[in-house]
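Summary of the model geometry
As a plain string of letters, each chain reads:
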Number of protein chains: 2
Amino acid sequence: MAEAEVRGARGRGRGGGGAARRAARSAVSVETARFIERNIPDFELLNAEALELIEHNAERVLEEIGVNFVENPAALDRWRAAGADVQGERVRLPRGLARQLCATAPARFTQHARNPERNVEIGGRSLVLAPVYGPPFVRDLDGGRRYATIEDFRRFVRLGYMSKWLHHSGGTVCEPTDIPVNKRHLDMLLAHMTLSDKPFMGSVTEPSRARDSVEMCEVLFGKDFVAENAVMTSLINVNSPLTFDSTMMGALEVYAAANQACILSPFIVGGAMAPVSVAGTLTQVLAEVMAGVAYSQLVRPGAPMIFGAFVTSIDMNSGAPTFGTPEASQILFGAGQLARRMGLPFRSGGGLCGSKLPDAQAAYETANTLNAALLAGVNFMLHACGWLEGGLVASVEKFVMDADQLGALHKMARGVALDEEAQAMTALQEVGPGGHFLGCAHTQAHFKDAFWRSDLLDYKPFETWDEEGARDTATLASARAQKLLSQYQQPALDEGLREALESYVARRKAEMPDAFV
Amino acid sequence: MAEAEVRGARGRGRGGGGAARRAARSAVSVETARFIERNIPDFELLNAEALELIEHNAERVLEEIGVNFVENPAALDRWRAAGADVQGERVRLPRGLARQLCATAPARFTQHARNPERNVEIGGRSLVLAPVYGPPFVRDLDGGRRYATIEDFRRFVRLGYMSKWLHHSGGTVCEPTDIPVNKRHLDMLLAHMTLSDKPFMGSVTEPSRARDSVEMCEVLFGKDFVAENAVMTSLINVNSPLTFDSTMMGALEVYAAANQACILSPFIVGGAMAPVSVAGTLTQVLAEVMAGVAYSQLVRPGAPMIFGAFVTSIDMNSGAPTFGTPEASQILFGAGQLARRMGLPFRSGGGLCGSKLPDAQAAYETANTLNAALLAGVNFMLHACGWLEGGLVASVEKFVMDADQLGALHKMARGVALDEEAQAMTALQEVGPGGHFLGCAHTQAHFKDAFWRSDLLDYKPFETWDEEGARDTATLASARAQKLLSQYQQPALDEGLREALESYVARRKAEMPDAFV
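Since the model is a prediction, treat every value here as computed from it, not as a measurement. (Residues numbered from 1 in each chain as written. Chains lettered and ligands numbered in written order. Predicted model: local features only at pLDDT ≥ 70, side-chain atom pairs only at ≥ 80, totals over all residues. Heavy atoms only, no water.)

Take the overall build of chain A next. Along its length, chain A carries 19 helices and 21 strands. Scaling as 2.2 N^0.38, a compact globule of 517 residues should have a C-alpha radius of gyration of about 24 Å, and chain A matches this with 24 Å. Taken along the three principal axes of its C-alpha coordinates, chain A extends 75 × 60 × 50 Å. With 517 residues in all, chain A has 64% of them scored as buried. (Helix = DSSP H or I, 4+ residues; strand = E, 2+ residues; numbered from the N terminus. Rg over C-alpha atoms; globule rule 2.2 N^0.38 Å. Buried < 20%, exposed > 50% of the residue type's maximum accessible area, 1.4 Å probe, protein only.)

Encoded structure:
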């Protein structure tokens, strides 16, 4: 019935006698689940007619309205050569051109980690989970809300490494605001490369930082390996509506030329950066992704690309972005369908919420998003854990809480076993009317793997829970984060490689004056 | 794009000038949303082959293992007459008999409320939301956790009446433990009938209490009306595995004979009352529902029945039932498919959770269940709000928090509009690359209805929220509950009817000695 789903870095076994079990319980856990391979259908919210209408309208947007490639003459040259109508910075694409160019992007690719056990497959039926990206603030129960530092960043990388259900180390898990803006990427990459052995993301805030990212990967993985394989998946946001700025496109150009993967992701607060309707927003998302992915294939045909969509709704009273809302879920379902029809891997957000605290609001909104993303067929879920306050805050407790819920996604995605053991007819016959199943042979054989079990949530009797301090989820999560961090052991890395990475960082830092804006 | 979905008891309009709008804002809200009619597909987790296998196995269970009808000679007689093999209390059903008997149960029926505006349709594409059922304890921020009283019960009925997204007043919203066990049902029904005008559930704890429920409805609705129409939907639990006790069956017999609706609901903690596998549990659920619904049709062909499933997983470490788990969702999806194939309305739980507090655990588990139930095609959702601590506790704050989330289900179920306005091509053309949509004509025309908006959750800027006390969701919910209760006005009821109901209650109480067990 069950699959061996979790694998240890050192292949630690699960069997053995009492002493071995005690030892296993006290051993440091560095288990990481394999990326999810869905054995359940996707939820098809829109019918074929609706999808064709949206595709038709997206082609109209590209042909009649067009997109702007800003301060990027080389991009305009590429578009002209490909047959687009270029007027100033406006690029209009004849119907069908974008889709035709997108066809060279692979439907599925492998992102390699320095520990090959941690490689992830992106596309098809897979789902890869990566942590929060981008917050300038951090929050924890002890220290409250404050600007993030590089030490916070390293703490989140360690937590991510210790999180069993997280497949990916992510990118800017928080902004290390104590490091100059133009040097942060070096310290962030060094942390991902040395404190974790999971796959990670590159820098996109300047083309030169993307180049640094590629060069650091060449040190870590070897130049030939990087030329042939995706070792980074990086986040390229569209400046919605319909605008591709030279910073993000510059980073995309570096990565595509180096055959490294990018997520081409419209960043939309609905009603502000896109029309106030689901169908209109999906039309714009599709047009933007088609234009961006098509452009990546002009830079290098075959460069791995992900169809991204970061779309939230807006509270029209306050202007605040809102998360976990029905409109956001509808857009997620629809965008997943559009991505599948393009044959591209699909990326969404994960544990999105607007709450200031890791409270019930945070959990409702997060669970709404996680459930929708699983059924929408997402292949790469960014912000799967740790996101708080609309992405302004990376929360230690929420990181641990969400990371625990990700275990439920693994089990859900596994689908329903239907073999003879799973049918359990012998159990039904053995127990019969009025009996109970706790002691029957079938239950004894399968209870360990039968039900997903949280490593965090409270399942205790009321009296025990009350005596132990009546702790809420955030308090339990704080304790679990401290435990995970206290058990953390840095994954082994060749000393020569470490020194080479550190010296690359030192050299690049020495070449630049500090910049803080 | 939008539908007029919420209707007021007095048909209060939404337009008018500034003064009218201010008056409307300060007026007491007694709006209630119409029951949901889904305009989205169901999520089909299992394929036809899997469903046929489970149906085949369920027939084997009924034929080879059978079910027990305990201390109920009349039921055994009915089964014998219908062609079952009856040995002692064991009833074995030849393949196909149960399904054939179930065919007379209607696919859809109307449950009438005393205010016809609040009538609900149960079955087909509809979804009716009802509050928590059964907790002996209540909890609120002010008073903590304590045994429930009739005053608590009345408070929850008032809150349910004031909750816009709740269509149904429910049944035992909490156990009024200060009233004798044999008289509670009278006070509970009186509260539902007089403090609310939404539909409600009858008593099932004794056949005589079911008769009292029918008689009180005859007072409220008139005897002829009750004979022709469903005015109660009551909850009949199966004593799983495969056992139908005389108390519950006695209540079912009363309701079916009176043409009143029942939910036939296996009550299963997986691994204890059913096999430890999803497929085995679905097999047992189907067998139990088929036997119970078939029996109802032996009592009265055409009696309205709902395919129920209350199934949770178990924590095999502590033995505690667990909620919002992937296995529970899988069973929900599968049971919904089995119910649709039987042509019966389907009932699930809603805001289920195991947490002791209305915290993040409660919200994760609840949202997991609510989302699964919506997509599983549930027609009648019990425990949609207020459930805490595995159903031991009815929580005031959680009632308000969940009831707010139910608004999101309404919007999600509405589906995606695709008319010309919704396509928003004019907005895309008007705004163009680099613009913004906040001020465009399309946004101005549609922003009020474009996005679901919580009436509870915090959408404020951090600084405002912090200055206002950095309140978490439970604290906001406590304030909202107090506000709703302070605005509560009892719905009008004919004075003669009220007196007749009160005198029925007084007479029945006088006829019985108090019983506390």
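Read on, since the account is not over.
With that settled, the discussion passes to the sheet that holds strand β5 (residues 85-87) of chain A. Here we have four strands laid out as an open sheet, ordered β5-β6-β4-β13 (chain A), and mixed in their pairing. Edge positions in the open sheet fall to β5 and β13 (243-244) of chain A, since each of these has one partner strand only. (Pairing = 2+ DSSP bridges.)

Here we take up empty space enclosed by the protein. The tally for this structure, following the rule as stated, stands at twelve cavities of 30 Å³ or more. If you add up the space inside the largest cavity, you get close to 380 Å³. Lining of the largest cavity is provided by 31 residues; of these, Ala367(A), Asn371(A), Ala372(A), Asn371(B) and Ala372(B) occupy positions nearest its centre. For the lining of the largest cavity, the secondary structure elements donating two or more residues are α11 (326-342), α12 (360-375) and α13 (396-413) of chain A together with α11 (326-342), α12 (360-375) and α13 (396-413) of chain B. A total of seven residues in the lining of the largest cavity trace back to one element, the largest contributor, which is α12(A). Tallied by class, residues from the lining of the largest cavity come to 19 nonpolar, twelve polar and no charged. (1 Å grid on protein atoms, 1.4 Å probe; cavity = no way out; pocket = protein on both sides within 12 Å on 5 of 7 lines; lining within 4 Å. Points joined across faces, edges and corners; volume = space filled by probe spheres on them. Nonpolar A, V, L, I, M, F, W, Y, C, P; charged D, E, K, R; others polar.)

This paragraph deals with the packing of α13(A) against α11(B). Each packed pair of helices is defined by two parameters, the angle between the axes and the distance between the axes. Here α13(A) crosses α11(B) at 40°, and the two axes come no closer than 8 Å. One finds that α13(A) runs oblique with respect to α11(B). In the crossing of α13(A) with α11(B), the sense of the turn from one axis to the other is right-handed. When α13(A) is examined against α11(B), the residues Ala408(A), Lys411(A) and Met412(A) are found in contact with a partner set consisting of Pro326(B), Glu327(B), Ser329(B), Gln330(B) and Phe333(B). Residues belonging to the contact of α13(A) with α11(B) are distributed by class as follows: four nonpolar, two polar and two charged. (Axes fitted to C-alpha atoms, helices over the stretch in contact; angles between N-to-C directions. Parallel < 35°, antiparallel > 145°, perpendicular 65-115°, else oblique. Left-handed = near helix turned anticlockwise from the far one by under 90°. Contact = heavy atoms within 4.5 Å.)

Placing chain B over chain A gives an RMSD of 0.0 Å and needs a rotation angle of 180°, together with 0.0 Å of translation along the axis. On the angle and the small slide along the axis, the relation comes out as a two-fold axis. Nearest to the rotation axis, the C-alpha of Ala360(B) is located 2.1 Å from it, this being the minimum over chain B. The overlap is high: 100% of the interface residues of chain B also sit at the interface in chain A, so the same surface is used on both sides. (Least-squares fit on C-alpha atoms with pLDDT ≥ 70 in both.)

Strand pairing in a sheet relies on backbone hydrogen bonds, with the paired strands running either antiparallel or parallel. Residues and elements named next belong to chain B. Pairing in this open sheet of four strands is mixed, and the strands run β5-β6-β4-β13 from one edge to the other. Each edge of the sheet is formed by a strand with only one pairing partner; in this case those strands are β5 (85-87) and β13 (243-244). Pairing geometry for strand β4 (residues 67-69) and β13, over two bridges, is parallel. Across the sheet, residue asparagine 68 finds its bridge partner in β13, namely threonine 243.

Before going further, it helps to spend a moment on the nonpolar core. Phe69(A), Trp79(A), Phe307(A), Phe69(B), Trp79(B) and Phe307(B) are the most contacted members of the largest nonpolar core, which totals 354 residues. In contact with Phe307(A), other than residues within four places in its own chain, are Leu264(A), Val285(A), Leu286(A), Val289(A), Ala335(A), Leu338(A), Ala339(A), Met342(A), Leu344(A), Pro345(A), Phe346(A) and Arg347(A). (Core = buried A, V, L, I, M, F, W, Y, C linked by side-chain atoms within 4.5 Å.)

Below, the discussion takes up the domain arrangement of chain A. Residues and elements named next belong to chain A. Domain annotation of chain A identifies domain 1 (48-98) and domain 2 (101-414). Between the C-alpha centres of domain 1 and domain 2 the distance comes to 25 Å. Each partner contributes to the interface: domain 1 provides 25 residues, whereas domain 2 provides 24 residues. Taken together, both faces of the contact between domain 1 and domain 2 bury some 2,100 Å²; the carbon and sulfur share is 69%. Interface area lost by domain 1 to domain 2 is led by Leu51, Ile54 and Arg78, which between them contribute 26%. The interface formed by domain 1 and domain 2 includes one salt bridge. Measuring nitrogen to oxygen at the nearest pair gives 2.8 Å for the salt bridge that ties arginine 341 to glutamate 55. There are nine residue pairs in polar contact (both at pLDDT 80 or more) connecting domain 1 and domain 2. Elements with a contribution of two residues or more to the side of domain 1 that touches domain 2: α2 (48-65), β4 (67-69), α3 (73-82) and α4 (97-102). (Domains from an automatic or database assignment. Buried area = accessible area lost by both parts, 1.4 Å probe. Salt bridge = Lys/Arg side-chain N within 4 Å of Asp/Glu carboxyl O. Polar contact = N/O pair within 3.5 Å; in protein donor to acceptor, adjacent residues only side chain to side chain.)

What follows concerns the interface of chain B and chain A. On the side of chain A, 111 residues touch chain B, which itself brings 111 residues to the contact. Both faces combined, the contact of chain B with chain A buries some 9,100 Å², and carbon together with sulfur accounts for 69% of it. Joining chain B to chain A, the criterion identifies six salt bridges. One salt bridge connects Lys356(A) with Asp458(B), and the closest N-O pair in it is separated by 2.5 Å. Summed over the shared surface of chain B and chain A, the number is 45 residue pairs in polar contact (both at pLDDT 80 or more). The dominant element in the side of chain B that touches chain A, judged by the number of residues it contributes, is α12(B), at ten residues. Here the residues of the side of chain B that touches chain A sort into 57 nonpolar, 33 polar and 21 charged.

Residues and elements named next belong to chain A. Assignment of secondary structure puts arginine 146 in strand β11 (residues 144-147). By relative accessible area, which is 27% here, arginine 146 ends up partly exposed. Those residues within four positions of arginine 146 in sequence are excluded, and the remaining contacts are Pro136, Phe137, Val138, Asp140, Asp152 and Arg155. A polar atom in the side chain of arginine 146 sits 3.3 Å from the side chain of aspartate 140. A distance of 3.4 Å separates the side chain of arginine 146 from the side chain of aspartate 152, its partner in a polar contact.

A few words on the packing of aromatic side chains. Residues and elements named next belong to chain A. A full pass over the atoms with the stated rule returns 29 aromatic pairs over all chains. Residues phenylalanine 69 and tryptophan 79 carry aromatic rings whose centres are separated by 5.8 Å and whose planes lie at 65° to one another, so their mutual orientation is edge-to-face. Pair noted here: phenylalanine 69 is in strand β4 and tryptophan 79 is in helix α3, with a separation of ten residues, a long-range link. Judged by relative accessible area, tryptophan 79 falls into the buried class, the value being 0%. (Phe/Tyr/Trp six-rings, centres within 6.5 Å; stacked < 30°, edge-to-face > 60°.)

The subject of this paragraph is the pairing of strand β7 (residues 108-111) of chain B. Residues and elements named next belong to chain B. Side chains Phe109 and Gln111 of β7 all project onto a buried face; the interleaved residues Arg108 and Thr110 project onto a face where none is buried. By the bridge criterion, four bridges tie β7 to strand β8 (residues 120-123) in an arrangement that is antiparallel. In the sheet register, phenylalanine 109 faces β8, and the bridge partner there is isoleucine 122.

This brings us to helix α7 (residues 207-221) of chain B. Residue and element names in this part refer to chain B. Here α7 spans 21 Å end to end across 15 residues, near enough to the 21 Å set by a 1.5 Å rise per residue. Three or more residues of α7 are buried, namely Pro207, Arg209, Ala210, Asp212, Ser213, Val214, Met216, Cys217, Leu220 and Phe221. Buried residues along α7 sit in contact with α6 (184-195), α8 (223-228), α9 (246-257) and α19 (495-511). (Expected span 1.5 Å × (residues − 1).)

All names here are of chain A. A full pass over the atoms with the stated rule returns 64 salt bridges over all chains. When the shortest N-O distance is used, the salt bridge between glutamate 37 and arginine 34 registers 2.9 Å. Measuring nitrogen to oxygen at the nearest pair gives 2.8 Å for the salt bridge that ties aspartate 212 to arginine 508. Here the residue aspartate 212 occupies a position in helix α7 (residues 207-221), and arginine 508 occupies one in helix α19 (residues 495-511), the gap between them amounting to 296 residues. Given a relative accessible area of 3%, aspartate 212 falls into the buried group. In this structure arginine 508 comes out as buried when scored by relative accessible area, which is 13%.

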